[in-house]
Amino acid sequence: MSAFKGLFSISSSLVYFFLLVGFVDAIVINGSVILLNECDWNTYDNTHVLYETEVKSKIKCAAICFQYGVACLGFQLFTMVSETKCRLLRFISLENCTSPISSMSVSFLYERTDVQSIVTTQPVSTMAPNPCQNGGTYTANICSCVFGCSGQYCQTCINECSEASGVSGTGVAWIKPAGFDVAKQVWCNFDNGVTYIQIRKYGTVSFNRSYVEYENGFGDANGDYWLGNKYANILSLTRTFTSGFTLMKSSGFVMVYYYDFVVLDSSSNFALQYSSSSSSQYPLAKGQPFQAYDTGSACAFTLGNGWWFGSTCSSGSLNGQYPVDFGAFSGATTTRIGIY
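Each value, and the rule that gives it
Residues numbered from 1 in each chain as written. Predicted model: local features only at pLDDT ≥ 70, side-chain atom pairs only at ≥ 80, totals over all residues. Heavy atoms only, no water. Helix = DSSP H or I, 4+ residues; strand = E, 2+ residues; numbered from the N terminus. Buried < 20%, exposed > 50% of the residue type's maximum accessible area, 1.4 Å probe, protein only. Polar contact = N/O pair within 3.5 Å; in protein donor to acceptor, adjacent residues only side chain to side chain. Disulfide = S-S within 2.5 Å. Core = buried A, V, L, I, M, F, W, Y, C linked by side-chain atoms within 4.5 Å. Contact = heavy atoms within 4.5 Å. Pairing = 2+ DSSP bridges.

An account of the environment of D325 is requested, with residue identities and associated values reported.
Within the element layout of this structure, D325 appears in strand β24 (residues 324–326). The partly exposed category is assigned to D325, whose relative accessible area is 45%. Sequence separation between D325 and S314 is 11 residues, and the spatial gap between their C-alpha atoms is 9.7 Å. One polar contact links the side chain of D325 to the main-chain amide nitrogen of G331, over a distance of 2.8 Å.

Here it is, written out as structure tokens:
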């Protein structure tokens, strides 16, 4: 016996119903019932993430997954603070899926039972253990590419978030402009073409790191991360960028813009250059080398983070101790450095 749980419609031709068949979730698409197996959501890694966005319900998350066709093999629905997140997955290890259970928790992973393969892949003619590039996974002689990369061997990736197609809102993508030694996962605002080189929204990642760690990057683009100075240098030279610095807390936010934003190369110790800014209340030292606790910087050592510090430490930084103080803004619980 089935109990009707909800309805969501995304077009005139596709109508979605959620059913509860016993203790098993199912979705009805134009009359066809598809079971959604609940799985152990800890068995995938970030290369399997197709897209992530905030949603109001499981129905909406499932509908977005089906909009991607068979490129989306399942979705994770989870709660982070006060937000409900929908994470679409391009791959789910089928042997790690367990039988559907009735218990509920703050996080669920659902596997589509109507698809077993990904259409955005191409056969590979070689028998190498894994000929796929840029984080691609190799299954049954097929390279399955991470979002942002494509080609028979996943050899071509977008240069920045503005080049991603077929998506909207915010989410992760993999980029690899000329000069990158590896593809890098970044957080994107697809609507405005913004690529983020820094995000802090949970305060769970330490930013008291060495100069080399800041050079190579650290963290997770789905949470808190620093892209890496050597990658920010290459990316910022691909064209003319404006950088937006965002600081947020429960009582308000501020956005500051730095025009013609460039991170110089390692010979300049990744010094920062820009032509002007939208506010003098948020000073950012031009021409100063990037500093970390192991570069002899009193500011980096005292404040416990890496940054482009000037002659004093008084302005703070977006990488400072959490919650963050920078310029005229104090107590930020979310910070972002984006370029567009």
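Tell me about the state of the cysteines, residues and numbers included.
Evaluated as defined, the whole model comprises six disulfides. The disulfide bridge from C145 ends at C154, spanning 2.2 Å between sulfur atoms. Judged by the torsion about the S-S bond (-90°), the C145/C154 disulfide is left-handed.

Tell me what's going on with the nonpolar core, and back it up with residues and numbers.
Within the largest apolar cluster, 73 residues are counted, with the highest numbers of intra-cluster contacts made by L88, F245, Y258, L284, W307 and F326. Excluding residues that lie within four positions of it along the chain, F245 makes contacts with V254, M255, V256, Y258, F261, L284, W307, L318, F326, R336 and I337. Core analysis: the second largest hydrophobic core is formed by five residues, V146, C157, W174 and A183 among them.

Account for the pairing of strand β20 (residues 252–259), with residues named and values stated.
A regular strand carries its side chains on alternate faces of the sheet. Two strands pair when backbone bridges link them, and strand β19 (residues 242–249) and β20 are joined in this way by eight bridges, in the antiparallel orientation. Each bridged residue has a counterpart across the sheet, and for G244 the counterpart in β20 is Y257. Hairpin remark: β19 followed by β20, antiparallel, with two residues in the connecting loop.

Shape is all these values report; function is a separate question.
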